[in-house]
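Okay, here's what each chain looks like letter by letter:
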Amino acid sequence: MAGLTDLFVDTIRETSETQLGGDKGYLNLVQLPHYTSAFLMGGRTPEEMFRTSQTIRKTLYLSEENVGQRFGGAGLRMDFQNVQIGTKVTTQMSYYANHIAWDEVEIDLNADSDMGREAIRARFHEIITGKLQNLAQSHATTFENEKWAAADQAAMRTNFTAPMSLPYFITEQDNGLPLQADNTAMTDVLGLAPATYPKWDNTRVSYGALGGDDADGGDLIGALIFAAQKTHFEPLPIKPEHGVMESAPNVVFCSNDGLRKVQAAIRAGVDQWGRRELDVAYGLTLGNMVIRNVTTLDSAALYKPVSGSALATEATADLTGPRFWGVSKKAFMPSFMKDRMMKMEKPVNLTAIGAPNEWVQVCKTYNQLLCWDRSKSFIVSPSTDL
């Protein structure tokens with residue numbers, strides 16, 4: 001029987017580096033309809049996403065220092081200054097470890113040493129595929145939930161026990177400081193306070209009506225279009241290479257209820273339904289932005305509560321109603337440590353801790369969600385209970 005265990009370990013060594021799920025395995029009923037990471041990572045090159053250092057540094061240009069002056073053609077005198085315009089920010093990777101496990105009894109029950117070697121390997125591949133399928137799904141679920149975790153200064157910035165999230169950078173709070181899960185405000189975002197650096201903040205737009213053509217544009221569709229317009233940036237008129245090129249949010253994340261409300265608002269304003277309302281595969285499109293429903297937002301506690309010391313969902317918040325998170329790929333970047341993206345370690349027998357029949361294989365990921373420009377994002381929130 002020891003031979004079966006050795007063969008299983010050899011088989012898992014051969015497959016674990018390259019096989020994480022695939023079209024084989026169990027019928028997956030756990031998978032969510034959409035994943036935030038799929039949008040943020042889609043189209044990225046390895047050079048963009050993978051880093052070689054655990055510490056990540058960036059210098060931001062947050063405040064203009066104009067030392068020029070007009071003069072009348074003669075008698076020019078200048079007070080020369082060497083201004084410092086760069087603001088350095090630093091963060092580091094957060095670490096995530098998962099594993100697969102098996103024991104020798106499990107191997108003995110699923111294979112017979114009288115079977116041919118290739119038949120045994122085929123059976124082992126089925127077992128391994130199921131374990132790796134669960135491993136991959138667990139990673140996807142963890143990363144998705146973390147993308148929508150409430151801001152947490154200690155976990156995300158001090159201890160790095162959790163990666164930063166979209167609600168860490170985007171907030172509906174007027175002071176630009178996101179709320180933490182215990183309903184206390186952050187003191188800064190990446191070490192920078194919006195009160196000191198006004199450009200270090202996201203756009204906030206409110207709506208007071210779900211449908212209809214509100215005269216002051218305060219309806220849901222008007223608010224979404226206005227938010228997109230406010231966060232649309234054109235290149236600099238001179239020396240465009242020193243600014244951002246054309247940039248605008250290209251996705252709006254919302255709950256399933258939010259998607260229904262947007263579709264209803266659009267249908268109320270047109271005589272005939274079209275692709276924008278009925279396209280299931282590609283999602284609703286509004287103002288060149290894809291409105292993407294994210295199941296996690298149905299129950300995410302991210303908003304100011306009526307009372308108490310815990311944040312509320314959009315259905316129980318102080319102001320009830322769907323929120324809409326406008327995000328640009330140019331602003332948000334999922335990053336991973338090179339050679340530490342679901343890196344499978346060597347299988348280890350647990351005899352040393354008194355479990356000689358048991359084996360584990362650890363899988364490690366070092367990752368972080370980066371945002372160096374909050375101004376390219378928005379949140380649209382209700383101004384009254386809706």
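Anything mentioned here points back to the structure above.
Definitions and limits used
Residues numbered from 1 in each chain as written. Predicted model: local features only at pLDDT ≥ 70, side-chain atom pairs only at ≥ 80, totals over all residues. Heavy atoms only, no water. Helix = DSSP H or I, 4+ residues; strand = E, 2+ residues; numbered from the N terminus. Buried < 20%, exposed > 50% of the residue type's maximum accessible area, 1.4 Å probe, protein only. Contact = heavy atoms within 4.5 Å. Areas by Shrake-Rupley, 256 points an atom, 1.4 Å probe, with all protein chains shown as cover. Arc of directions from axis to C-beta. Polar contact = N/O pair within 3.5 Å; in protein donor to acceptor, adjacent residues only side chain to side chain. Phe/Tyr/Trp six-rings, centres within 6.5 Å; stacked < 30°, edge-to-face > 60°. Lys NZ or Arg CZ within 6 Å of the ring centre and 35° of its normal. Expected span 1.5 Å × (residues − 1). Axes fitted to C-alpha atoms, helices over the stretch in contact; angles between N-to-C directions. Parallel < 35°, antiparallel > 145°, perpendicular 65-115°, else oblique. Nonpolar A, V, L, I, M, F, W, Y, C, P; charged D, E, K, R; others polar. Core = buried A, V, L, I, M, F, W, Y, C linked by side-chain atoms within 4.5 Å. Pairing = 2+ DSSP bridges.

Engineer: Help me understand the overall build of the protein, please; the structure alone is not making it clear to me.
Structural biologist: Assigned secondary structure in the protein consists of 10 helices and 14 strands. A total of 386 residues make up the protein; the buried ones form 44% of that total. A separation threshold of at least 6 residues defines the contact pool for the protein, and within that pool the share at least 24 residues apart is 73%. Counting only carbon and sulfur atoms, one obtains 52% of the accessible surface of the protein, whose full area is about 20,400 Å².

Engineer: Looking at this structure, how should I read helix H8 (residues 220-230)?
Structural biologist: Among the residues of H8, Leu220, Ile221, Ala223, Leu224, Ala227 and Ala228 are the ones counted as buried. The buried residues of H8 occupy an angular sector of 165° when projected down its axis, which confines them to one face. Capping the start of H8, Asp219 holds a side-chain oxygen 3.4 Å from the backbone nitrogen of Ile221, two or three residues further along.

Engineer: Is there a simple way to explain the packing of aromatic side chains in this structure?
Structural biologist: Two numbers describe a pair of aromatic rings. These are the distance of the centres and the angle of the planes. Evaluated as defined, the whole model comprises 11 aromatic pairs. Note on Trp102 and Trp359: the rings are 6.2 Å apart at their centroids and 10° apart in plane angle, and the pair reads as stacked. Taken as a pair, Trp102 in strand E4 (residues 94-103) and Trp359 in strand E13 (residues 355-371) lie far apart in primary sequence, 257 residues in all. On the numbers, 6.4 Å between centres and 45° between planes, the contact of Tyr303 with Trp325 is tilted. A residue pair is termed long-range when its members are at least 10 positions apart, and Tyr303 in the loop between strand E8 (289-293) and strand E9 (324-327) and Trp325 in strand E9 qualify at 22 residues. The pair formed by Tyr303 and Trp325 is uniform in burial state, with each residue classed as buried. Every member of this aromatic cluster is reached through a ring pair, and the members are Phe39, Trp148, Phe253, Tyr303 and Trp325. Over the aromatic face of Phe233 sits the side chain of Lys376, whose NZ or CZ is 3.9 Å from the ring centroid.

Engineer: For this particular structure, what's the right way to read unusual backbone geometry?
Structural biologist: Comment: phi is negative for the bulk of residues other than glycine, and the bulk of peptide bonds are trans. Despite not being glycine, Leu190 has its phi angle at roughly 60°, a positive value. Here Leu190 shows up in the loop between helix H7 (166-169) and strand E5 (203-207). Despite not being glycine, Asn288 shows a phi value in the positive range, around 65°. If you trace the backbone, Asn288 turns up in the loop between strand E7 (284-286) and E8. Overall, Asn288 belongs to the exposed group, its relative accessible area being 72%.

Engineer: Please clarify how helix H9 (residues 256-268) should be interpreted in this entry.
Structural biologist: Note that an α-helix has 3.6 residues per turn; residues three or four places apart therefore point the same way. Look at H9: 19 Å from first C-alpha to last across 13 residues, which is about the 18 Å you get at 1.5 Å a residue. Listed as buried for H9 are Gly258, Leu259, Val262, Gln263, Ala265 and Ile266. The arc enclosing the buried residues of H9, seen along the axis, measures out at 160°, which places them on a common side. Of the residues in H9, the exposed ones pointing more than 90 degrees away from the buried face are Arg260 and Ala268.

Engineer: What is the right way to read the packing of H8 against H9 from this model?
Structural biologist: As a packed pair, H8 and H9 sit with axes 9 Å apart at the nearest point and diverge in direction by 105°. Taken together, H8 and H9 sit at an angle that is classed as roughly perpendicular. Each of Leu220, Ile221 and Leu224 in H8 lies in contact with H9, whose residues at this interface are Lys261, Val262, Ala265 and Ile266. Residue classes in the contact of H8 with H9 are distributed as six nonpolar, no polar and one charged.

Engineer: In this structure, what is going on with the nonpolar core? I would like to understand it.
Structural biologist: The tendency in soluble globular proteins is for nonpolar side chains to be buried as a group. If you look at the biggest cluster of nonpolar residues, it comprises 48 residues, and the most contacted ones within it are Tyr168, Phe169, Phe253, Leu297, Trp325 and Phe332. Apart from the residues lying within four places of it in its own chain, the contact partners of Phe169 are Met164, Val189, Leu190, Asn202, Phe332, Leu369, Cys371 and Arg374. Grouped together as the second largest cluster of nonpolar side chains are 21 residues, Cys254, Leu259, Val262 and Phe378 included.

Engineer: What am I meant to see in the environment of Phe169 here?
Structural biologist: Considering the arrangement of structural elements, one finds Phe169 in helix H7. Phe169 gets classed as buried once you look at its relative accessible area, which sits at 1%. The spatial distance from the C-alpha of Phe169 to the C-alpha of Asn202 is 7.7 Å, given a sequence separation of 33 residues.

Engineer: Can you walk me through the sheet that holds E8 in this structure?
Structural biologist: Within a beta sheet, neighbouring strands are joined by backbone hydrogen bonds and run either parallel or antiparallel to one another. Pairing within the open sheet is mixed, and its six strands lie in the order E5-E14-E9-E6-E8-E7. The sheet is open, and its two borders are formed by E5 and E7, each paired with just one other strand. The mean inter-strand angle of the sheet, taken between neighbouring strand axes irrespective of direction, is 25°. Bridge analysis of E9 against strand E14 (residues 378-382) gives three bridges, and the strand direction is antiparallel. Considered in E14, the bridge of Phe324 is made with Val380. Against the sheet, H8 touches E5, strand E6 (251-254), E7, E8, E9 and E14, its axis set at about 165° to E5. Packed onto the sheet, H9 meets E6, E7, E8 and E9 and runs at close to 60° relative to E7.

Engineer: Looking at this model, I keep getting lost on the environment of Leu179. Mind explaining?
Structural biologist: Residue position: Leu179 is located in the loop between H7 and E5. Sequence separation of Leu179 and Ala310 is 131 residues, and the distance between their C-alpha atoms is 9.9 Å. Discounting residues that sit within four places of it in the chain, Leu179 has contacts with Ala151, Thr171, Gln173, Thr184, Ala185, Lys304 and Leu311.

Engineer: How should the side chain of Thr313 be read in this particular structure?
Structural biologist: Counting through the fold element by element, Thr313 comes out in the loop between E8 and E9. Here Thr313 falls in the buried class, since its relative accessible area comes to 18%. In contact with Thr313, other than residues within four places in its own chain, are Ser299, Ala300, Ala301 and Tyr303.

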